[in-house]
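Structural characterization, general
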Amino acid sequence: TARRQWEDVAQSGSPQAQFMLGHLVQNGLGQPWSNAAAAGWYRLAADQGLPEAQAALADLYLRGVGVEPSLETGAQWLQRAAAADHAPAVYQYAELLLHGRGVQQDFDAALALFTRAAASGSAEAADFVALADHVRAGVEVAGAQP
């Protein structure tokens, strides 16, 4: 019943309803699960700028489920969600930048995003920032010695 109500709203163009239908079908709630169908709903919502849908679609591309695998396409969707300050996407996009997965590796940009994610409460991002600070302090100490 809930799925049918979401479908009516989604057909009228609601990105939130489209995202919810993607979530329902991806998890087999009220219907058989399908990552491909989820990708279709997520894309409709992502194209309208819904960051949650952009991040969910990115995940499908990065894992290659329901869509052809593409690190580059996944990174592009994550970048859009991160630009909209979707906290999980900020952290995930920083990881891609750190490792150069689907994007040009960029430690400085990754650290800036980890710092932003840490400020939003991400403990994992705070760990990366602390590690970078520790390494930076070690380099400065090592550089000060004769």
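Residues numbered from 1 in each chain as written. Predicted model: local features only at pLDDT ≥ 70, side-chain atom pairs only at ≥ 80, totals over all residues. Heavy atoms only, no water.

Per the stated rule, a full pass over the model turns up four aromatic pairs. In this structure an aromatic cluster arises from ring pairing among Tyr91, Phe114 and Phe128. (Phe/Tyr/Trp six-rings, centres within 6.5 Å; stacked < 30°, edge-to-face > 60°.)

In this section: the side chain of Ser122. Tracing the backbone shows Ser122 in the loop between α7 (107–119) and α8 (123–144). Overall, the relative accessible area of 16% leaves Ser122 in the buried class. Side-chain polar atoms of Ser122 contact the side chain of Glu124, separated by 3.4 Å. Beyond its immediate stretch of four places on either side in the chain, Ser122 contacts Tyr91 and Ala117. (Helix = DSSP H or I, 4+ residues; strand = E, 2+ residues; numbered from the N terminus. Buried < 20%, exposed > 50% of the residue type's maximum accessible area, 1.4 Å probe, protein only. Polar contact = N/O pair within 3.5 Å; in protein donor to acceptor, adjacent residues only side chain to side chain. Contact = heavy atoms within 4.5 Å.)

Another point: the layout of surface pockets. One number sums up the size of the largest pocket: a volume of about 200 Å³. Lining the largest pocket are 13 residues, and of these Asp59, Leu62, Leu78, Gln92 and Glu95 lie nearest its centre. Of all the secondary structure elements, the ones that give two or more residues to the lining of the largest pocket are α4 (51–63) and α6 (87–99). (1 Å grid on protein atoms, 1.4 Å probe; cavity = no way out; pocket = protein on both sides within 12 Å on 5 of 7 lines; lining within 4 Å. Points joined across faces, edges and corners; volume = space filled by probe spheres on them.)

Two numbers describe how helix α2 (residues 15–26) lies on helix α3 (residues 35–47): the axes approach to 8 Å, and their chain directions differ by 165°. The angle between α2 and α3 places the two elements in the roughly antiparallel class. Seen along the crossing, α2 lies across α3 with a hand that is left-handed. In contact with Pro15, Gln18, Phe19, Leu21, Gly22, His23, Val25 and Gln26 of α2, α3 contributes Asn35, Ala37, Ala38, Trp41, Tyr42, Leu44 and Ala45. Residues of the contact of α2 with α3, tallied by class, amount to ten nonpolar, five polar and no charged. (Axes fitted to C-alpha atoms, helices over the stretch in contact; angles between N-to-C directions. Parallel < 35°, antiparallel > 145°, perpendicular 65-115°, else oblique. Left-handed = near helix turned anticlockwise from the far one by under 90°. Nonpolar A, V, L, I, M, F, W, Y, C, P; charged D, E, K, R; others polar.)

Along the chain, Trp6 falls in helix α1 (residues 2–11). Classification of Trp6 as partly exposed rests on a relative accessible area of 32%. Trp6 sits 20 residues away from Gln26 along the chain, and the two C-alpha atoms are 15 Å apart. Excluding residues within four positions of it along the chain, Trp6 makes contact with Gln16, Ala17, Met20, Leu21 and Leu24.

Before going further, it helps to examine the packing of helix α5 (residues 71–83) against α6. Look at α5 against α6: their axes get within 8 Å of each other, and the N-to-C directions meet at 135°. Considering the angle they form, α5 stands oblique to α6. Regarding α5 and α6, the two cross each other, and that crossing is left-handed. The segment α5 lies against α6, with Ala75, Leu78, Gln79, Ala81 and Ala82 engaging Ala89, Val90, Gln92, Tyr93 and Leu96.

Here we come to the pattern of salt bridges. Oppositely charged side chains are able to pair whenever their charged atoms sit close together. All told, the structure shown has four salt bridges when counted by the stated rule. The salt bridge partner of Arg63 is Asp59, with a shortest N-O separation of 2.9 Å. Taken as a pair, Arg63 and Asp59 lie in helix α4 at a separation of four residues, close to a single helical turn. Arg63 sits in the partly exposed class, given a relative accessible area of 47%. Linking Arg116 and Asp85 is a salt bridge whose minimum nitrogen-to-oxygen distance equals 2.9 Å. Separated by 31 residues along the polypeptide, Arg116 in helix α7 and Asp85 in the loop between α5 and α6 bring together distant segments of the chain. Given a relative accessible area of 32%, Arg116 falls into the partly exposed group. (Salt bridge = Lys/Arg side-chain N within 4 Å of Asp/Glu carboxyl O.)

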